[in-house]
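Each chain is listed here by its residues.
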Amino acid sequence: MAAAVPNRLGEVNNLGGAVDALFLKMYAGMVLEAFARKNQFEARAFVKNITAGKSASFPALGRASGGYHTPGAELTGGALNHNEIVISTDGQYVSDLFISEWDELVNHFETRSKYASEQGKKLATVLDIHYLIELYNGSQASATVADLDAGTTVTDGDLASATDTTKVQALVDFFRVSAQTLDEHDAPEDGRFCVLKPQEYYLLVNTAQTNGLSAIHADVRGEGSLASGQVLRIDGIDIVKSNNLPQSNIAQTSGGDYDHHFANMTNVTALVGVQDCVGITNLQGIKLTAHDDPRRLGELLIARMVKGVGYLRPECCIAAKSA
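This one's a predicted model, so the numbers in the text were calculated from it and none came from an experiment.

**Student:** With reference to specific residues and values, describe the nonpolar core.
**Tutor:** The biggest cluster of nonpolar side chains holds 66 residues, and the ones touching the most others in it are Tyr131, Leu135, Leu196, Leu204 and Leu271. Top contributing element to this core by residue count: helix α3 (residues 112-139), with eleven residues. Ignoring any residue separated from it by four or fewer positions in sequence, one finds Leu196 in contact with Leu171, Phe175, Tyr201, Leu204, Ile239, Val240, Lys241, Ser242, Leu245, Thr269 and Ala270. Core analysis: the next-biggest nonpolar cluster, separate from the first, contains six residues, Ala56, Phe58, Ile85 and Leu312 among them.

Okay, structure coming up:
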């Protein structure tokens, strides 16, 4: 009896070579999909891709000068303040998982997609947290250019109130103060956003204010729906719900998630920023490899990235604190 000719599902065009080549690419695709689905803030950053080196320079410009011309006087040019912000890469961040060949053989359900999803979520979560830490650090920073403004902190004890209506009123007031501050700092009107934890987010959806109106009511210029459980925008500021907003004292941990990005974010309730107020230096996007390990009879799955994060525009960074 002749032997069957198998179609090797992982082999490229049945041309020989590795019989698992396509399997590895499928795994990589699952990680990328999980990263894109879970990452919320990279799209709001000014991302500069570099091919070599360890840092990127982000120019910062002040405001142009001007004045009335005296007839006959020579125009020699006015002064414009310049500065730069250098964002260095943090090093190679790695998520690695090992799968035993025996465990895969006897396991009754598929694990690769689950592992891929978790690796993608880990990379996305770390990048989001680093972004939010730097957004907060920007709110505490001085001006990067002499004629621009420093970051802003709004402190309101009612943000920690045990009374929901009082807390919601404080949140709505924070939106109004933030919108006014951004206008006064000549921040662009497009791309404004506020980051809230789910608890505060759903308070805005469900709780009536002391004047009897909800945060989605037109009288407070809100948008959204009780049916969908969404508050889309207040005072021109988009609302982003995230579990990744730190609310504790994040100390520097050598080799850990907070080796390069840390801050005391105790009592932080919300953060407001604009598009490109935080920058990302991207030396290596997500790179994914699977390595067969014959010495241990298994496969090592590695997802890694090399990025750096830093604030660029303190005048557009605002933090809300309850104390």
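**Student:** So what's going on with the layout of surface pockets? Which residues, and what values?
**Tutor:** In this structure, the largest pocket encloses a volume near 290 Å³. Lining the largest pocket are 16 residues, and of these Pro59, Ala60, Leu61, Leu312 and Arg313 lie nearest its centre. For the lining of the largest pocket, the element with the most residues is strand β2 (residues 55-61), which contributes four residues. Among the residues forming the lining of the largest pocket, the class breakdown is nine nonpolar, two polar and five charged.

**Student:** Describe α3, with residues and values.
**Tutor:** Over its 28 residues, α3 extends 41 Å from the first C-alpha to the last, a length consistent with the 40 Å expected when each residue adds 1.5 Å. α3 sits mainly inside the fold: 21 of its 28 residues count as buried.

**Student:** Which residues make up the packing of aromatic side chains, and what values do they have?
**Tutor:** Summed over the entire model, instances satisfying the criterion amount to five aromatic pairs. Taken together, a centroid distance of 5.4 Å and an interplanar angle of 85° make the contact between Phe46 and Phe58 edge-to-face. Here the residue Phe46 occupies a position in strand β1 (residues 46-49), and Phe58 occupies one in strand β2, the gap between them amounting to twelve residues. The class of Phe58 is buried, set by a relative accessible area of 2%. Centre to centre, the rings of Tyr201 and Tyr202 are 5.2 Å apart; their planes meet at 85°, and the pair counts as edge-to-face. In textbook terms, an aromatic cluster arises when at least three aromatic residues are bridged by ring pairs, as seen for Phe41, Tyr131 and Phe193. One Lys or Arg, Arg44, reaches over the ring of Phe193 and ends 4.7 Å from the middle of that ring. Its end group placed over the ring of Phe58, Lys48 keeps NZ or CZ at 4.8 Å from the ring centre.

Parameters and conventions
Residues numbered from 1 in each chain as written. Predicted model: local features only at pLDDT ≥ 70, side-chain atom pairs only at ≥ 80, totals over all residues. Heavy atoms only, no water. Core = buried A, V, L, I, M, F, W, Y, C linked by side-chain atoms within 4.5 Å. Buried < 20%, exposed > 50% of the residue type's maximum accessible area, 1.4 Å probe, protein only. Helix = DSSP H or I, 4+ residues; strand = E, 2+ residues; numbered from the N terminus. Contact = heavy atoms within 4.5 Å. 1 Å grid on protein atoms, 1.4 Å probe; cavity = no way out; pocket = protein on both sides within 12 Å on 5 of 7 lines; lining within 4 Å. Points joined across faces, edges and corners; volume = space filled by probe spheres on them. Nonpolar A, V, L, I, M, F, W, Y, C, P; charged D, E, K, R; others polar. Expected span 1.5 Å × (residues − 1). Phe/Tyr/Trp six-rings, centres within 6.5 Å; stacked < 30°, edge-to-face > 60°. Lys NZ or Arg CZ within 6 Å of the ring centre and 35° of its normal.

Limitation: the analysis is restricted to geometry and does not speak to function.
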